[in-house]
Amino acid sequence: MGKLLVTGGAGFIGSNFVHHVVRHTDHTVTVLDKLTYAGNRASLAGLPPARVRLVVGDIADAAVVDPLTAETDAVVHFAAESHNDNSLHDPRPFVDTNLVGTYTLLEAARRHDVRFHHISTDEVYGDLALDDPTRFTESTPYNPSSPYSSTKAGSDLLVRAWVRSFGLRATISNCSNNYGPFQHVEKFIPRQITNVLRGLRPKLYGAGVNVRDWIHADDHSSAVLRILDRGEIGETYLIGADGERDNRSVVELILELMGLPVDAYDLVPDRPGHDLRYRENEAWWGPEKDGVEAFYARTGR
Ligand code: NAD
């Protein structure tokens, strides 16, 4: 049995990971989370207090990070500013959290010789042409395009340097797009679902031809646990699900699963006529929805 410090454990993937750890291991978990707009205590509701505790704090604050790291066996680092659109409007929090925050954690892990796993994204590799058969590999050169992905790329390089310069026992994983419970309504899949539930027509950028590999957050969690257990120090692991779909087919699938015509995103200008079954957990996503749509309306998306 071990003690894990999970940063960003009240966010989407972090909270799924905490639930996964409680279900599948005997580890105890301390979640360190600043509870930004993206963090939500409710995502940890119902977990046994003897196994999981939440500390509200900033990963860039060494006074908070250091004692928590000292008492842990491994740090699993999910905390990040994670939304591309936000990074185009205000990059500063991305630098503070993704770069300075990661640096602060690395220094604490080095001081206390603690195992470190860094969660990153395949967006550090940039994008491929739609007809390009190539796949990203661990040695694909980094080519990030947004302040979000560039700060994630920078944080990956910090981790690699701490391994090589200081012998930190660290691993990195770069995962493709996640879906699953507890995902903020600003993100693509929950936004489309909650739009439909509110009677709004799903919106697609660029005719929906963008292709993403989609993986369930629970599958991401099991891969991270496997790396923590058996990963080779200094290695980078790519996590994906062979689940490539363009955005258009994702929206069509959502409409189909919600009992609507698959072309309803294109042709239905007003509230779809079907009686809709409400997605569970509106108490969880409802309060965020109006703010997210006001932001998208201001930025024209
Ligand atoms: P999220 O935005 O849902 O959650 C981030 C969490 O970090 C929130 O709970 C937030 O409160 C917390 N946080 C932010 N700044 C903090 C700070 N300074 N100190 C402490 N806590 C802070 O993000 P997510 O989608 O769950 O992503 C988690 C990680 O996985 C990120 O590192 C992201 O880059 C990576 N990732 C995400 C995806 C995806 O599809 N969402 C894919 C691959 C990798």
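Below: a short report on this structure. (Residues numbered from 1 in each chain as written. Predicted model: local features only at pLDDT ≥ 70, side-chain atom pairs only at ≥ 80, totals over all residues. Heavy atoms only, no water.)

Some words on the sheet that holds strand β1 (residues 3–7)
To keep things clear, this is the line we draw: Two strands qualify as a pair provided that DSSP identifies no fewer than 2 bridges between them. Strands are runs of DSSP state E lasting at least 2 residues, helices are runs of H or I lasting at least 4, and numbering of each runs from the N terminus. Axes here mean lines fitted to C-alpha atoms, for a helix over just the part in contact, with angles spanning 0 to 180 degrees between N-to-C directions. Contacts: residue pairs with any heavy atoms within 4.5 Å of one another.
With respect to topology, seven strands assemble into an open sheet ordered β3-β2-β1-β4-β5-β6-β9, the strand pairing being parallel. Each of the sheet's edge strands pairs with one partner strand only, and the pair in question is β3 (52–56) and β9 (236–239). When strand polarity is set aside, the average angle formed by the axes of neighbouring strands in this sheet is 20°. As paired strands, strand β4 (residues 74–77) and strand β5 (residues 115–121) are joined by four bridges and run parallel to one another. Bridge pairing links Val76 to His117 in β5. Against the sheet, helix α1 (residues 12–24) contacts β1, β2 (28–33), β3 and β4, and its axis sits at roughly 160° relative to β1. Contacting β5, β6 (170–175) and β9, helix α5 (residues 147–166) runs over the sheet at an angle of about 155° to β5.

Topic: the pattern of salt bridges
Let me state the cut-off plainly: The salt bridge criterion pairs a side-chain nitrogen of Lys or Arg with a carboxyl oxygen of Asp or Glu, the two atoms within 4 Å. Type-normalised accessible area, obtained with a 1.4 Å probe on protein chains alone, sets the label of each residue: buried when under 20%, exposed when over 50%, and partly exposed for intermediate values.
This structure, assessed with the given rule, holds twelve salt bridges. The partner of Lys187 in a salt bridge is Glu186, and the shortest N-O contact between them spans 3.7 Å. Accessibility expressed as a relative area gives 18% for Lys187, which makes it buried. The class of Glu186 is buried, set by a relative accessible area of 7%. Residue Asp290 is joined to Arg198 by a salt bridge in which the shortest nitrogen-to-oxygen separation is 3.2 Å. Taken together, the residues span a long stretch of sequence, with Asp290 in helix α10 (residues 282–298) and Arg198 in the loop between α6 (188–197) and β8 (211–216) at a distance of 92 residues. Residue class for Arg198 comes out partly exposed when judged on its relative accessible area of 30%. Each of Arg191, Lys289 and Glu293 takes part in one network of salt bridges that share partners.

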